[in-house]
Amino acid sequence: MQYQSQSVAKLYFLAAMGLFAGQILFGIILGLQYVMGDFLFPEIPFNVARMVHTNLLIVWLLFGFMGASYYLVPEESGRELYSPKLAVLMFWVFLVAGALTILGYLFVPYSGLAQMTGNGILPTMGREFLEQPTITKLGIVVVALAFLYNVGMTVLTGRKTVVTIVLMTGLVGLAVFFLFSFYNPDNLVKDKYFWWWVVHLWVEGVWELILASILAFVLIKTTGVDREVIEKWLYIIIAMTLITGIIGTGHHYYWIGTPSYWQWWGSIFSALEPIPFFMLTLFAFNTINKRKREHPNKAAVLWAMGTAVMAFLGAGVWGFLHTLSPVNYYTHGSQITAAHGHMAFYGAYVMVVLTIMSYAIPLMRGQQAKSNRMQVMEMWSFWLMTVSMVFITLFLTGAGILQVYLQRYSDAPQAFMVVQEKISLFYWMREAAGLVFLVGVVLFILSFFLPQEEKNMQAQPA
Amino acid sequence: MQEVFTKSMARNIYYGGSMFFVLLFLALTFDTQGALPKLDNSQNLTEQVAAGKRLWEENNCIGCHTLLGEGAYFAPELGNVYKRFGENKDAIKAFIRSRPVEGIPGRRSMPQFNFTEEQLDNIVEFLKYSSEINTNNWPPNIQG
Ligand code: HEM
Ligand code: HEM
Ligand SMILES: [Fe+2]
């Protein structure tokens, strides 16, 4: 760590870890409700647990992105953060707003929350991933603006690198597309059309810029490979992302009342969306193969490689699986979607945030890397989480194939609830894999907080 | 080899390519908005339907169900439930009204929302409106 102010990132990473654990705990609850329908009913109905699970995911990933930015932007810009105080203030605003919202979900019936927060004035609630009360959404906008101002001023008054420019573009895009969450027309088709401008243009658009720039930063630091080469890769990856991903939005416009030409636009362009993910994999492996130094933080390098591979598998391979419209006609809104959603989110965004945490937290504590023992523990957490996520994905894919066949494809289609009963074995296995995932999360967190025992690997400077 | 493809070429592809596809996407969006009235059943978008959509949202039905294939995968698709229930509005109302407060032992359960008669009418009108959107024949069959 070269600048004092980078250390505000520590707060953000800490919150991210805590919320991550909470997210997974609620995932386990959901998984159990899938097979024991009355578990925790009516205290925590499925929809409530699901909101907590997905919203915690989004919030902790945002904490992770902000932490990553606060860490890497000063270092790249060659100056202190514009305002560390503002960064600390916004941390607390975001944490309190997030916590109140989650507590609201858990302790107030959702319709009551809508009344209390005046959803009638500007109705934005009750849509998947965008369940937050309107005032929470406004709070998110305020935090995002203050954050963008803070890192933006740092970038503008410092050295501008391709990494920071790409990162800033991604972050500004994230904020801009979030504004579509305030557009909620009575016309269901229009509502859905622009809902995807938040969801799809985030994960298959601007977030990929954030992903690529964070990964590039960690690779530059851990391999010592020439910036010129890395920057060229970065540009070409994000070029392919936007060239394929923007029109690729069409893969969500097949069956929601939009014109049928989207089946062509969506199928063709989204079929190309795996390309940038594949290039990301090549990029990471190439860079690591050409490394000019052995960085003592082996765990961080492992996470970086893992991100590149799992993002390609989850987004690229599992996305391609159901993206062509003749396939999607059968798989739309099935367990296949859930399988892909899990592996893609984990492989791309969860893993990149864990990568930067793994790299940066030891440095913020004045070490190059954690002790060997703790790195071994962290690598265990890597394998436990990653392998169990592969199994979660495979089990859900199995469930999905059977569901699609029994409910939608066979000559005598059966009712949804009947089919769910028949495929419950897969849900039990998913639950078991989920428990292993939880162990991985616990080990990850412990590897940062258990006493390090051995002497520190090396002292500063980085 | 390295020099054939330079960083500035990569940068230009990025700026040029993304600009072009943003514009194309906006053009397609514009065209879609123009084509929607023939597809989106907006002629039947009454006050009641709008009120039903609000109730749909403020009770987070999407947290268990899919609607036109989007949402959660825990409970049946509702985009075509009006048709699955034989276009019988009263049957849908009766189903929603009769959910036991404590759930059904061992079975995935739907909450008792204590809707008024008027609210139930609004929700059912919303579900009817949704079922008449032109979805290119999705879902493949009545089971959703
Ligand atoms: C890291 C990047 C990605 C993430 C995080 C991601 C995540 C998701 C999630 C969560 C959903 C479910 C949305 C909902 O609730 O309705 C979804 C749907 C979908 N994704 Fe992705 N995705 C990514 C990349 C891709 C790519 C590259 C492709 C295509 C090659 C793709 C194809 C699809 C399709 C076709 C659907 C719709 C499924 C349906 O019809 O039910 N995704 N994605
Ligand atoms: C880092 C790990 C995880 C990530 C990134 C993640 C992400 C997600 C996402 C994006 C959704 C929405 C899916 C969609 O709309 O397609 C979701 C839903 C869900 N997740 Fe997870 N999740 C994780 C871990 C888990 C675990 C460990 C379990 C259970 C053992 C679990 C169980 C569920 C369930 C049951 C749903 C609801 C599916 C439905 O709508 O029917 N998740 N999760
Ligand atoms: Fe998408």
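A quick note: this is a predicted structure, and the numbers were derived from the prediction, not measured.

Conventions adopted
- Residues numbered from 1 in each chain as written.
- Chains lettered and ligands numbered in written order.
- Predicted model: local features only at pLDDT ≥ 70, side-chain atom pairs only at ≥ 80, totals over all residues.
- Heavy atoms only, no water.
- Helix = DSSP H or I, 4+ residues; strand = E, 2+ residues; numbered from the N terminus.
- Rg over C-alpha atoms; globule rule 2.2 N^0.38 Å.
- Buried < 20%, exposed > 50% of the residue type's maximum accessible area, 1.4 Å probe, protein only.
- Near = heavy atom within 4 Å.
- Polar contact = N/O pair within 3.5 Å; in protein donor to acceptor, adjacent residues only side chain to side chain.
- Nonpolar A, V, L, I, M, F, W, Y, C, P; charged D, E, K, R; others polar.
- Core = buried A, V, L, I, M, F, W, Y, C linked by side-chain atoms within 4.5 Å.
- Contact = heavy atoms within 4.5 Å.
- Donors = N, O, S within 2.8 Å, 3.2 Å for Na, K, Ca; no water.
- Tetrahedral: all angles 85-135°; square planar, octahedral: opposite > 155°, others 65-115°.
- Axes fitted to C-alpha atoms, helices over the stretch in contact; angles between N-to-C directions.
- Parallel < 35°, antiparallel > 145°, perpendicular 65-115°, else oblique.
- Patch = residues over 30% accessible without salt bridge, like charges linked within 9 Å, V, L, I, M, F, W, Y side chains within 5 Å.
- Areas by Shrake-Rupley, 256 points an atom, 1.4 Å probe, with all protein chains shown as cover.
- Salt bridge = Lys/Arg side-chain N within 4 Å of Asp/Glu carboxyl O.

Visitor: Where do I start with the overall build of chain B in this structure?
Guide: Across its full length, chain B holds five helices and two strands. Tracing chain B from N to C terminus, the helices and strands come up as α-α-β-β-α-α-α. Taking 144 residues into account, the globule formula puts the C-alpha radius of gyration at 15 Å, and chain B, at 22 Å, lies well above it. Dimensions of chain B along its principal axes, counting C-alpha atoms only, are 70 × 40 × 30 Å. With 144 residues in all, chain B has 50% of them scored as buried.

Visitor: For this particular structure, what's the right way to read the site of ligand 2?
Guide: Contacts to ligand 2 come from 30 residues, most closely from Tyr34(A), Arg50(A), His53(A), Glu128(A) and His342(A). At the site occupied by ligand 2, the surrounding residues belong to chains A and B. At 2.7 Å, a side-chain N or O of Arg50(A) approaches an oxygen atom of ligand 2. One nitrogen or oxygen atom from the side chain of Glu128(A) is found 2.8 Å from an oxygen atom belonging to ligand 2. Those elements giving two or more residues to the shell around ligand 2 turn out to be helix H1 (9–35), helix H2 (46–77), helix H13 (335–364), helix H14 (372–409) and helix H16 (424–449) of chain A. Grouping the constituent residues of the shell around ligand 2 by class yields 18 nonpolar, eight polar and four charged.

Visitor: Got a minute to help me understand the nonpolar core in this structure?
Guide: Nonpolar side chains in soluble globular proteins tend to be buried together. In terms of nonpolar packing, the biggest core is built from 173 residues, with Trp60(A), Phe65(A), Tyr70(A), Tyr71(A), Trp207(A) and Met357(A) touching the most fellow members. Top element by residues in this core is helix H7 (residues 188–223) of chain A. It accounts for 23 residues. Setting aside residues no more than four positions away along its own chain, Tyr71(A) makes contact with Met1(A), Gln6(A), Ala9(A), Phe217(A), Tyr359(A), Ala360(A), Leu363(A) and Met364(A). In this structure, Val189(A), Leu68(B), Leu127(B) and Tyr129(B) belong to the second largest nonpolar core, which totals 23 residues.

Visitor: Looking at this model, I keep getting lost on the site of ligand 1. Mind explaining?
Guide: Residues and elements named next belong to chain A. The environment of ligand 1 is made up of 27 residues, and the closest members are Glu 128, His 332, Gly 333, Thr 337 and His 340. The separation between an oxygen atom of ligand 1 and a polar main-chain atom of Gly 333 is 2.8 Å. Elements that contribute at least two residues to the shell around ligand 1 include exactly H7, helix H10 (274–289), helix H11 (298–321) and H13. Sort the elements by how many residues they give to the shell around ligand 1 and H13 lands first, with seven residues. Of the residues belonging to the shell around ligand 1, the class tally is twelve nonpolar, twelve polar and three charged.

Visitor: Just checking my understanding: could you explain the coordination of the iron atom of ligand 1 for this structure?
Guide: Ideal geometry at a metal centre: 109.5 degrees between donors when four sit tetrahedrally, and 90 or 180 degrees when six sit octahedrally. Residue and element names in this part refer to chain A. From the protein, the iron atom of ligand 1 takes a single donor atom, His 340 (NE2), 2.0 Å away. Separating the iron atom of ligand 1 from the iron ion (ligand 3) is a distance of 4.3 Å. Here His 340 is to be found in helix H13.

Visitor: What should I look at first to understand the coordination of the iron atom of ligand 2 in this one?
Guide: Residues and elements named next belong to chain A. Around the iron atom of ligand 2, the protein contributes the donor atoms His 53 (NE2) and His 342 (NE2), which lie 2.0 Å from the metal centre. Around the iron atom of ligand 2, the six donor atoms sit at angles spanning 86 to 179°, and that spread fits a shape best called octahedral. Placement of the pair is His 53 in helix H2 and His 342 in helix H13, with a sequence separation of 289 residues. When its relative accessible area of 12% is taken as the criterion, His 53 is described as buried.

Visitor: I would appreciate a short explanation of the packing of H7(A) against helix H1 (residues 7–35) of chain B in the present structure.
Guide: Packed helix pairs are specified by the crossing angle of their axes together with the interaxial distance, meaning the distance between the axes. Running from N to C, H7(A) and H1(B) cross one another at 170°; their axes reach a closest spacing of 13 Å. In terms of their interaxial angle, H7(A) and H1(B) are classed as roughly antiparallel. Residue-level contacts link Lys190(A), Tyr193(A), Phe194(A), Trp197(A), Leu201(A) and Leu209(A) of H7(A) to Tyr14(B), Phe25(B), Leu26(B), Thr29(B), Thr32(B) and Gln33(B) of H1(B). Here the residues of the contact of H7(A) with H1(B) are counted per class, giving eight nonpolar, three polar and one charged.

Visitor: What exactly am I supposed to notice about a nonpolar patch on the surface here?
Guide: A grouping of Val88(A), Trp92(A), Val96(A) and Leu100(A) is seen on the molecular surface, where their side chains present a nonpolar patch of about 380 Å² in accessible area. Residue position: Val88(A) is located in helix H3 (residues 84–107).

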